[in-house]
Number of protein chains: 2
Amino acid sequence: MSDPTVLLRNHGVPVTAQRIAVLNAVTKLPHSTADTIAEEVRASIGAISKQAVYDALATLTSKGIIRRIQPAGSPALFETRVGDNHHHIICRTCGTTADVDCAVGERPCLSAADNSGFKIDEAEVIFWGTCPDCLASS
Amino acid sequence: MSDPTVLLRNHGVPVTAQRIAVLNAVTKLPHSTADTIAEEVRASIGAISKQAVYDALATLTSKGIIRRIQPAGSPALFETRVGDNHHHIICRTCGTTADVDCAVGERPCLSAADNSGFKIDEAEVIFWGTCPDCLASS
DNA sequence: TCAAGATCTGGACTGAGTCAAGAAAAAGAT
DNA sequence: ATCTTTTTCTTGACTCAGTCCAGATCTTGA
Ligand SMILES: [Mn+2]
Ligand SMILES: [Mn+2]
Ligand SMILES: [Zn+2]
Ligand SMILES: [Zn+2]
């Protein structure tokens, strides 16, 4: 289950060294950018192209193996914590991102008061504020 | 109140032709991009630089006269409906953006179950789904 | 083992937005 | 009304995150 090779195979994704390394990097560094993941992968397998990183991240995301978060004004972030629709708090000062479970319930805000006839499939929630460290030093 | 000149002056913002035109454009075309706003402004006053549009939008946003929305994978959108913390539904197919009031209340989700010590100042909620038109044609 | 198909590489390219320096315009004080 | 100071606007280069493409390489399954 946590063996990347098995995980990829179970999802019908051809197993490549690059994909394994990208998945390991996302596991090791939650909420990190494609760029940070590329660096981590290079440290572990020596080299990978920027494009292969983006391709792997896109494939893993589309298979539900990882999750993409796209906060305003920052590049996309990736994490392996999927399937529990948790949300995120981001520090406006230092960018630190933390997980948060919504008080409302398992699938918060999925029903809107007036949905204008839309069929809603996802509620994206991002909290903005200041992290403990930045609060302390101010 | 709805006179742009007065509105700007009340907020201590120097009144310029560009700012008035940008504010009018945002009023006329809610949920539109900086680019669309620039086109609208050019149609109305003849010319404006890209930078002046970004500057005006930033100033108006910082004064709370307009609001910036930054949906994942799309350029920022602007609107004049401020002060009522409403949220948005975006169609994955055609990009149409509609206003929505959250079922939870006036300030939905502002308190998270476990905030990890963060001081939260904003909850950004974006619903994703399919609009009535796109539902019909599928 | 081999063919067919998918993936990876390298490099050019795009879109949204920012930076910086000088020209133009607005505000405040005669 | 005019001048001075300060802010804003223009122009054009530049950055960053991400995409597109063509050819080389690797995975898979027969
Ligand atoms: Mn997370
Ligand atoms: Mn709106
Ligand atoms: Zn912080
Ligand atoms: Zn639609």
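Residues numbered from 1 in each chain as written. Chains lettered and ligands numbered in written order. Predicted model: local features only at pLDDT ≥ 70, side-chain atom pairs only at ≥ 80, totals over all residues. Heavy atoms only, no water.

## Things to note about the domain arrangement of chain A
Residue and element names in this part refer to chain A.
Thinking step 1. You can read the domains of chain A as domain 1 (4-77) and domain 2 (83-137).
Thinking step 2. In this assembly, seven residues from domain 1 lie in contact with ten residues from domain 2.
Thinking step 3. When the two sides are added together, the surface that domain 1 and domain 2 hide from each other amounts to roughly 610 Å², 58% of it contributed by carbon and sulfur.
Thinking step 4. Counting the contacts that link domain 1 with domain 2 gives zero salt bridges.
Thinking step 5. Classifying every residue of the side of domain 1 that touches domain 2 gives four nonpolar, two polar and one charged. (Domains from an automatic or database assignment. Contact = heavy atoms within 4.5 Å. Buried area = accessible area lost by both parts, 1.4 Å probe. Salt bridge = Lys/Arg side-chain N within 4 Å of Asp/Glu carboxyl O. Nonpolar A, V, L, I, M, F, W, Y, C, P; charged D, E, K, R; others polar.)

## Here's the deal with the sheet that holds strand 3 (residues 77-79) of chain A
Thinking step 1. Spatial strand order, 1-3-2 (chain A): three strands in an open sheet with antiparallel pairing. Single-partner strands in this sheet number two, and they are strand 1 (32-33) and strand 2 (67-69) of chain A. (Pairing = 2+ DSSP bridges. Helix = DSSP H or I, 4+ residues; strand = E, 2+ residues; numbered from the N terminus.)

## Considerations on the pairing of strand 5 (residues 97-100) of chain B
Residues and elements named next belong to chain B.
Thinking step 1. Strand direction decides the pairing type here: strand 4 (residues 87-91) and strand 5, joined by four bridges, are antiparallel. Bridging across to strand 5, histidine 87 finds its partner in valine 100.
Thinking step 2. The turn joining strand 4 and strand 5, which pair antiparallel and follow one another in sequence, is formed by five residues; a positive phi near 85 degrees is taken by glycine 95.

## A word on the coordination of the zinc ion (ligand 4)
All names here are of chain B.
Thinking step 1. Within the protein, Cys91 (SG), Cys94 (SG), Cys131 (SG) and Cys134 (SG) serve as the donor atoms for the zinc ion (ligand 4), at 2.2 to 2.4 Å.
Thinking step 2. Given four donor atoms and angles of 103 to 113 degrees at the metal, the environment of the zinc ion (ligand 4) is assigned as tetrahedral.
Thinking step 3. All donor residues of the zinc ion (ligand 4) come from one chain, and their arrangement in sequence is C-x2-C-x36-C-x2-C. Residue cysteine 94 is located in the loop between strand 4 and strand 5, and its partner cysteine 134 is located in helix 5 (residues 132-136); the two are separated by 40 residues in the primary sequence.
Thinking step 4. Classification of cysteine 134 as buried rests on a relative accessible area of 14%. (Donors = N, O, S within 2.8 Å, 3.2 Å for Na, K, Ca; no water. Tetrahedral: all angles 85-135°; square planar, octahedral: opposite > 155°, others 65-115°. Buried < 20%, exposed > 50% of the residue type's maximum accessible area, 1.4 Å probe, protein only.)

## Concerning the coordination of the manganese ion (ligand 1)
Residues and elements named next belong to chain A.
Thinking step 1. Surrounding the manganese ion (ligand 1) are the protein donor atoms His31 (NE2), Glu79 (OE), His86 (NE2), His88 (NE2) and Asp99 (OD), which sit 1.9 to 2.3 Å from the metal.
Thinking step 2. Along the chain, the residues donating to the manganese ion (ligand 1) are arranged with the sequence spacing H-x47-E-x6-H-x1-H-x10-D. Of this pair, glutamate 79 sits in strand 3 while aspartate 99 is found in strand 5 (residues 97-100), placing the two residues 20 residues apart along the sequence.

## Notes on the protein's contact with DNA strand D
Thinking step 1. As a structural note, the neighbourhood of DNA strand D is formed by 16 residues, with A:Val15, A:Lys50, A:Gln51, A:Tyr54 and B:Thr16 the closest of them.
Thinking step 2. For DNA strand D, the fraction of protein-proximal atoms (within 4 Å) that sit in sugar or phosphate groups is 67%.
Thinking step 3. A:Ala76 places a main-chain nitrogen or oxygen 3.1 Å from a phosphate oxygen of DNA strand D.
Thinking step 4. One of the side-chain N or O atoms of B:Ser49 is found 2.9 Å from a phosphate oxygen in DNA strand D.
Thinking step 5. Elements with a minimum of two residues in the surface near DNA strand D: helix 4 (50-62) of chain A together with helix 2 (17-28) and helix 4 (50-62) of chain B.
Thinking step 6. Taken together, the residues that form the surface near DNA strand D break down as eight nonpolar, five polar and three charged. (Near = heavy atom within 4 Å. Polar contact = N/O pair within 3.5 Å; in protein donor to acceptor, adjacent residues only side chain to side chain.)

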